[in-house]
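Residues per chain are reported as follows:
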Amino acid sequence: MVQARIVLWIMIFSMINCNMFLTNNINIAIVSMVKYAKSSPGGAAETSVCGNRTIATKQYSDNGRSKLTWTKDERNFVLGAFYVLPWLSQFFGGVLSHKYGTKVVVGLSTVIGCVMSSLIPSLAYIDPRLVMVVRAIQGFIGSLAFPAGLYTIIGHWCPPHERGRFMTVFLGTSLGIAVGYPMFGYIAETIGWEWVFHVTSLIGIVWYILWLYLVYDSPHDHPRISEEEKRYIKSSLGKSTARQNKLPVPWVAILTSMPFWINIICQFGVIWGRFTTNIYVPTYFKAVHGVNAKENGLISGIPFLLKSGLSYLSGVITDLVLRREMMSKTGVRSWSTFISSVLAGATLIGVSYAECDSNMAIICMSLCIILNACFITGSSVAIVDMSPNFCSILQGICGTIGMISGFISPALVSLFSRFYKDDPLEQWKLVWLVTGAVYMIPGMIFVLFSDSELQPWNEVKEKPADEELIEKEKK
């Protein structure tokens, strides 16, 4: 019989894949959706900043399919609409999961977001602004589930010495992108771009049916878990989690907790770094080094695959260290953060000084993406270590504050481009220097001052059975 927590890992992993499909499907579909203006009969040619390559700009034909005549601004607004509201829903996702359970909140938000994708083909022919609205709503709903909404169920299912390995479930973010891009590209080219969105909906519906049958908020609620596994999980967790579904949240203790604020600072740096690299790496390599779209896909895709491998390896190693009591939880989380934030930030500084050395820039940027894999066994899982009972709320707060970087980072890049419009190399040098520093400084703060042990405000005094019975009779 397959262990219930292995089934849970598989279902959360597949949920994250659904979330990545939902987030990124339009990035590929829009290539076939929109009719791009032709600058010349034979195509245009662009020269990179370093002048070491010439970029051939291919022209797209209709291939007998309907194309949309959106302007460049409309395309950009449609692509960016998904990221307008996630900062707001991060907090609510954590609170709702704590109150109503992960099964309900994550399940409904994922399937609703996926099903809404089927609205996009029809709305796209009417007005791109309608697509923007749908994408913004999808971003809000999808962020209720991921990542904050997951932390409650992880806290109630994962023994402390298995959390690092279980958190490798987040490698679904990397594999979801690596699998989704070629899959949606093939669909768009063979049966039409509209089916990219319909397939996303179908995948979400199938996933939701399995989620309803296979996933439960705690081992106590699961009807098919073996007694042996239930006892193992219960004994491993001890009194760190409570069976009560609606615990009073110790807001004052949480908001005045120094270890928690140190974690917030660290995660803000990580989210800033990931946001900046995910958006601007392709633009940087095209503008500065003359890397075309096909090569850009390889440069972006291969590091994500390697990142997935390091994520799993990091989880196995950290769990082994904790199981054998070779290091404290604080020590393990600090070392993982040193790799994922400090060393990753240092490689971005290497990118900034690579200038026209394409090979050096590719190596350093790839190392940054790969090393950041250890984030899941560092400050990310430290949230669960600190408070299994309230980890979804903690991560909701972390995500809300971290997502603010989604406004700051693009504004800073635009500012650099204005100041250095005649010197793009200096502009990109400053972008990667600042991003590297934002990775490194919060990471060092976490390494030096963090505390990932169970916090005293996580403890919940459970009421005696007779007292609970009296309260129920009164109701």
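Scroll up to find the structure.
These notes cover the structure that comes with them. Computed from a prediction, not measured in an experiment: that's the story for all the values here.

1. Re the packing of aromatic side chains
Aromatic rings considered in pairs are described by the distance between their centres and by the relative angle of their planes. Evaluation of the coordinates by the stated rule reveals 10 aromatic pairs. A network of ring pairs unites the aromatic residues Tyr-125, Trp-193 and Phe-197 as a single cluster. Here the basic side chain of Lys-103 rests over the ring of Tyr-216, its NZ or CZ set 4.0 Å away from the ring centre. Stacked on the ring of Tyr-213, the Lys or Arg Arg-224 has its end atom at 4.2 Å from the ring centre.

2. Description of the packing of helix α1 (residues 4–33) against helix α9 (residues 172–190)
Look at α1 against α9: their axes get within 7 Å of each other, and the N-to-C directions meet at 40°. Taken together, the axes of α1 and α9 lie oblique to each other. Seen from above, α1 lies across α9 with right-handed handedness.

3. Looking at the nonpolar core
Counting residues in hydrophobic clusters, the biggest one holds 47 residues, and the most contacted among them are Ile-12, Ile-16, Leu-150, Ile-154, Phe-170, Trp-211 and Phe-260. Looking at this core, the elements with two or more residues in it are α1, α4 (102–115), α7 (151–157), α10 (194–214), α11 (227–237), α13 (258–289), α17 (379–386) and α18 (391–402). Of the residues forming this core, the biggest block, nine residues, is contributed by α1. Those residues in contact with Ile-12 that sit more than four places away from it in its chain are Leu-150, Ile-153, Phe-166, Val-169 and Trp-211.

4. Some details on the pattern of salt bridges
Tallied over the entire structure, the rule returns five salt bridges. For the salt bridge of Arg-5 with Glu-162, the shortest nitrogen-to-oxygen distance reads 2.9 Å. Taken together, the positions of Arg-5 in helix α1 and Glu-162 in the loop between α7 and α8 (163–166) put the pair 157 residues apart, joining distant regions of the chain. Like Glu-162, Arg-5 is buried. With a closest N to O distance of 2.6 Å, Arg-333 and Asp-385 form a salt bridge.

Conventions and cut-offs
- Residues numbered from 1 in each chain as written.
- Predicted model: local features only at pLDDT ≥ 70, side-chain atom pairs only at ≥ 80, totals over all residues.
- Heavy atoms only, no water.
- Phe/Tyr/Trp six-rings, centres within 6.5 Å; stacked < 30°, edge-to-face > 60°.
- Lys NZ or Arg CZ within 6 Å of the ring centre and 35° of its normal.
- Axes fitted to C-alpha atoms, helices over the stretch in contact; angles between N-to-C directions.
- Helix = DSSP H or I, 4+ residues; strand = E, 2+ residues; numbered from the N terminus.
- Parallel < 35°, antiparallel > 145°, perpendicular 65-115°, else oblique.
- Left-handed = near helix turned anticlockwise from the far one by under 90°.
- Core = buried A, V, L, I, M, F, W, Y, C linked by side-chain atoms within 4.5 Å.
- Buried < 20%, exposed > 50% of the residue type's maximum accessible area, 1.4 Å probe, protein only.
- Contact = heavy atoms within 4.5 Å.
- Salt bridge = Lys/Arg side-chain N within 4 Å of Asp/Glu carboxyl O.

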